[in-house]
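Spelled out from the first residue to the last, the chains are:
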Amino acid sequence: MNILTEKFNTPYHSAPFSSIKNEDYLPAFKELIQKSEAEINAIVSNPEAPTFENVIEALAYSGEQLDVVSNIFFNLNSAETSDEIQQIAQEVSPILTEYSSKISQNEALFNKIRKVYDEKEKYNLNEEQEMLLNETYKGFVRSGALLNEEDKEKLKKISMDLSVKSLQFGQNVLASTNAYFKHITNKEDLAGIPEAIMDQYAEEAKERNLDGWVVTLQYPSYIPFMTYAENRELRKELALANGKKSFDGGEFDNQNLIKELLNLKQQKAELLGYKNYADFVLEERMAKSPVKVFDFLNELLTKAKPYADKEIEELKALAKADGIDEMQGYDHAFYAEKLRKAKFDLNDEELKPYFPLNQVQDAVFGLAEQLFGLTFEERNDIPKYHDDVKVYEVKENGTYKSLLYVDYFPRKGKRAGAWMTSYKNQYKRNGENSRPHISIVCNFSKPTKDTPSLLTFQEVTTLFHEFGHALHGMMADTQYPTLSGTSVKWDFVELPSQFLENFCYEPEFLKTFAKHYKTGEVLPDEKIERIAQSKNFMEGYQTLRQLGFGLLDMNYHTKVAELENESVKEFEDKYTKATTLYPSNPETAMSPSFSHIFQGGYSAGYYSYKWAEVLDADAFQYFKENGIFNPEIAAKYKVLLSSGGTKDPMELYKSFRGSEPKVESLLKRAFG
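Quick caveat: nothing in here was measured; it's all calculated off a predicted structure.

Draft legend 1. Spatial organisation of the overall build of the protein chain. Looking only at helices and strands, the protein chain features 27 helices and 9 strands. Taking 672 residues into account, the globule formula puts the C-alpha radius of gyration at 26 Å, and the protein chain, at 25 Å, falls close to it. Overall, the C-alpha framework of the protein chain stretches about 80 × 60 × 55 Å when taken along its three principal axes. When burial is assessed residue by residue, the protein chain has 59% of its 672 residues classed as buried. Taking contacts inside the protein chain between residues at least 6 apart in sequence as the whole, the part at least 24 apart equals 73%.

Draft legend 2. The arrangement of the pairing of strand E9 (residues 437-441) in detail. Across the 5 residues that make up E9, a large majority, 5, are buried. Burial along E9 is two-sided: the residues His-437, Ser-439 and Val-441 and Ile-438 and Ile-440 are all buried. Note that strand E5 (residues 399-407) and E9 share 5 bridges and pair parallel. Pairing of Val-406 across the sheet is with Ile-440, part of E9.

Draft legend 3. Molecular detail of the packing of aromatic side chains. One pass over the full model with this rule turns up 57 aromatic pairs. Note on Phe-73 and Phe-74: the rings are 5.0 Å apart at their centroids and 85 degrees apart in plane angle, and the pair reads as edge-to-face. Look at Phe-73 and you get buried, because its relative accessible area is 0%. Taken together, a centroid distance of 6.3 Å and an interplanar angle of 65 degrees make the contact between Phe-509 and Phe-629 edge-to-face. With a gap of 120 residues between them, Phe-509 in helix H19 (residues 507-510) and Phe-629 in the loop between helix H24 (608-626) and helix H25 (631-642) connect regions that are remote in the sequence. Sitting above the plane of the Phe-280 ring, Arg-142 keeps its charged end 4.0 Å from the centroid. Its end group placed over the ring of Trp-419, Arg-415 keeps NZ or CZ at 3.9 Å from the ring centre.

Draft legend 4. Just the nonpolar core, in detail. Phe-355, Phe-376, Leu-404, Phe-464, Phe-467, Leu-471 and Tyr-556 are the most contacted members of the largest nonpolar core, which has 140 residues in total. The leading source of residues in this core is helix H13 (residues 290-321), at 11 residues. In this view, Phe-376 contacts Phe-365, Ala-368, Tyr-392, Glu-393, Val-394, Leu-404, Phe-467 and Met-474; residues no more than four positions away in its chain are not counted. Of all hydrophobic cores here, the second largest spans 59 residues; its members include Val-55, Leu-109, Tyr-137 and Tyr-480.

Draft legend 5. Geometry of the side chain of Glu-128. Inspection of the secondary structure assignment puts Glu-128 in helix H6 (residues 127-142). Although buried, Glu-128 forms no salt bridge, and the nearest oppositely charged side chain, Lys-428, lies 6.5 Å from it. Within the local environment of Glu-128, its side chain forms a polar contact with the backbone nitrogen of Gln-479, the two atoms lying 2.7 Å apart.

Draft legend 6. Layout of helix H11 (residues 255-271). The end-to-end C-alpha distance of H11 is 25 Å, a good match for the 24 Å that 17 residues give at a rise of 1.5 Å each. When H11 is considered as a whole, its buried residues turn out to be Leu-257, Ile-258, Leu-261, Leu-262, Leu-264, Lys-265, Gln-266, Lys-268, Ala-269 and Leu-271. Buried residues along H11 sit in contact with helix H7 (149-179), helix H12 (277-282), helix H21 (539-556), helix H22 (568-576) and helix H23 (595-598).

Draft legend 7. Here's a closer look at the environment of Ile-43. Assignment of secondary structure puts Ile-43 in helix H1 (residues 22-45). Here the alpha-carbon distance between Ile-43 and Gly-398, two residues 355 residues apart in the chain, equals 39 Å. Other than its neighbours up to four places away in sequence, Ile-43 contacts Asn-54, Val-55, Ala-58, Leu-59, Leu-109 and Lys-112.

Draft legend 8. Spotlight on the pairing of strand E2 (residues 213-216). Burial along E2 is two-sided: Trp-213 and Val-215 and Val-214 and Thr-216, pointing in opposite directions, are all buried. Bridge analysis of strand E1 (residues 181-184) against E2 gives 4 bridges, and the strand direction is antiparallel. Within E2, the position partnered with His-183 by the bridge is Val-214.

Rules of the game
- All chains use their own residue numbering, which begins from 1 and follows the written sequence.
- In keeping with the model being predicted, local features are shown solely for residues with a pLDDT of at least 70 and side-chain atom pairs are shown and tallied solely at 80 or more, while totals for entire chains, interfaces and linings include all residues.
- Values reported for side chains reflect all heavy atoms of the structure, with hydrogen atoms and water molecules removed beforehand.
- Secondary structure elements are taken from DSSP: a helix is a run of H or I of four residues or more, a strand is a run of E of two residues or more, and numbering for both begins at the N terminus.
- A radius of gyration in this sense is built from C-alpha atoms; the matching globule rule multiplies 2.2 Å by the number of residues raised to 0.38.
- Summary of the burial criterion: residues with accessible area below 20% of their type's maximum are buried, those above 50% are exposed, and those between are partly exposed, where the area comes from a 1.4 Å probe applied to protein chains only.
- Note on contacts: a residue pair qualifies if any of its non-hydrogen atoms lie within 4.5 Å across the two residues.
- Here the rule is simple: two strands pair whenever DSSP picks up at least two bridges between them.
- Classification of ring pairs uses Phe, Tyr and Trp, with its six-membered ring standing for Trp, and accepts pairs whose centres are within 6.5 Å; under 30 degrees between planes counts as stacked, over 60 as edge-to-face, and the remaining range as tilted.
- In this scheme, Lys NZ or Arg CZ marks a charge over a ring once it lies within 6 Å of the ring centre and within 35 degrees of the ring normal.
- By nonpolar core we mean a set of buried residues, namely Ala, Val, Leu, Ile, Met, Phe, Trp, Tyr and Cys, connected to one another through side-chain atoms within 4.5 Å.
- Charge assignment in this entry is limited to Lys and Arg as positive and Asp and Glu as negative, and neither His nor the chain termini are counted.
- Here, a salt bridge means any side-chain nitrogen of Lys or Arg that lies within 4 Å of a carboxyl oxygen of Asp or Glu.
- Contacts described as polar in this section are N or O atom pairs within 3.5 Å, which, within protein, must combine one atom able to donate a hydrogen with one able to accept it, while residues neighboring in sequence count only if both atoms come from side chains.
- Here the expected span of a helix is defined as 1.5 Å times the quantity of residues minus one.

In structure tokens form, the structure reads like this:
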């Protein structure tokens, strides 16, 4: 018996991590694909006339167990991978892509879908059912259902190649990140580094059976070094190592893979009748077209550039006083921290004792209770995939709502960054509301033997950001799994996450949880005030950085032909020039580790972070005008969260806010 093909005998049928062996995955995938194909065949061979219920609904509910196992496996491949899991992923990905192509190009199935779609007027469909029908039909068309057999085969091969190569891209970035570490034996080389960070580096050295200190390219190790280390040559060395990730011509180099991925996407778009991959993607986004995205990004660039230039001039003045005539990118974090200290008398190391992880988590849980009536109780009887993970049962007014997994600390088998994901979607069927299983994964500093995990203020906002995504998943209340939770237009998906970050800057809320982990003393009022004031610190620089990523992404997915005669580095420099504030280093490039667009789901979609900032600034402005804990507005916002992808996002937003979002809300928040 394969544990993955049975109904899980665990609380709430949660993932049975402690019982799963790696060798279970491949046979389980093969068996569950057969089972799912049998469900599809049952829809196709049904002798009754096609209806919404026996085609569209039946399809929406099919393959549930396969989806759950896929979620378990690919989430582990991101959060707790190994050579063996990566090898299985390389075998499984093409099998799953082939299965997916087989369904989306099943002519008999599509004919039934099209018949229901063409006759939709005769069905008395509600808004969600109509959305499901439209999305199902469009999904099949966009997957090649209208192509001839030869082109269907071409598309299938392209899709399989894309799945394998994007997986390889991520594996290369992880391997490249893990391959480098800096062993330091002279304490003077660590001048400027706070004691707590030194302890962290010493622990890392000890884990590697080395004396002294070890700095890695994992963010909780790398970022503090770049922020505090006075040794400029070492900052340069670390920055070069970070900038060379998958860009050094070695075993884990991604430059050719980038060109291959982009060419495959272009071929896919052209095969489906689109000019380029961005046109294909944006047809299904709020933004609708590359022209609109470029206009949006360039408008923000025009507004933000003078602020960014002014900020960099301030930093250059500080660097000049230290004898540095030409500032480099690796000087930025160091002098930005100096300037922040001078302007606001704030630095991360002073603030961190007031933000132990457990208190920050309690605060975000408390906020969810105050706004939405959610409570969180740790469960020790639910299997976990690593000892670091904690699992919470989430209830709404005493009724079970969701499971929430949290996984906060870096490991060798975990990719960098922070993300929210789900193991199981929410849906309603046969009178039962099947609730979701949601996960938050981060890379915060581990506790040491003397101190708990203490967060920088940026890490505080990161936790709120991911918890905003988690709320979107946990609050889901839709009929169909494919429209549930975060299954929304991609440029709408960042609204809940970015919205929640705003609370971190509100003094009345900060005072409830920013307390020293040893003394219990509340962060002094003047520090809280300065945090609020510092919200827009380096906002021009940060805006240009995000716009640079967004513009590079859009150019990659609209101008791929240029890469025939240019290197990845040349292309990157050309299309980030307008947003670049420091000299480009010929030895470094960020594209080969730009996992968001080459491994994740942000291809031709990175702009959505900024797009959603307009939404979140406008939404939070509504709360600010009426009280940040206003129950009536929270109730309206809860409807937005729980509706998932059942409605057009702009209509959903307008029903919450009463009007379309205004870009002025973002500009006012960012630049006053």
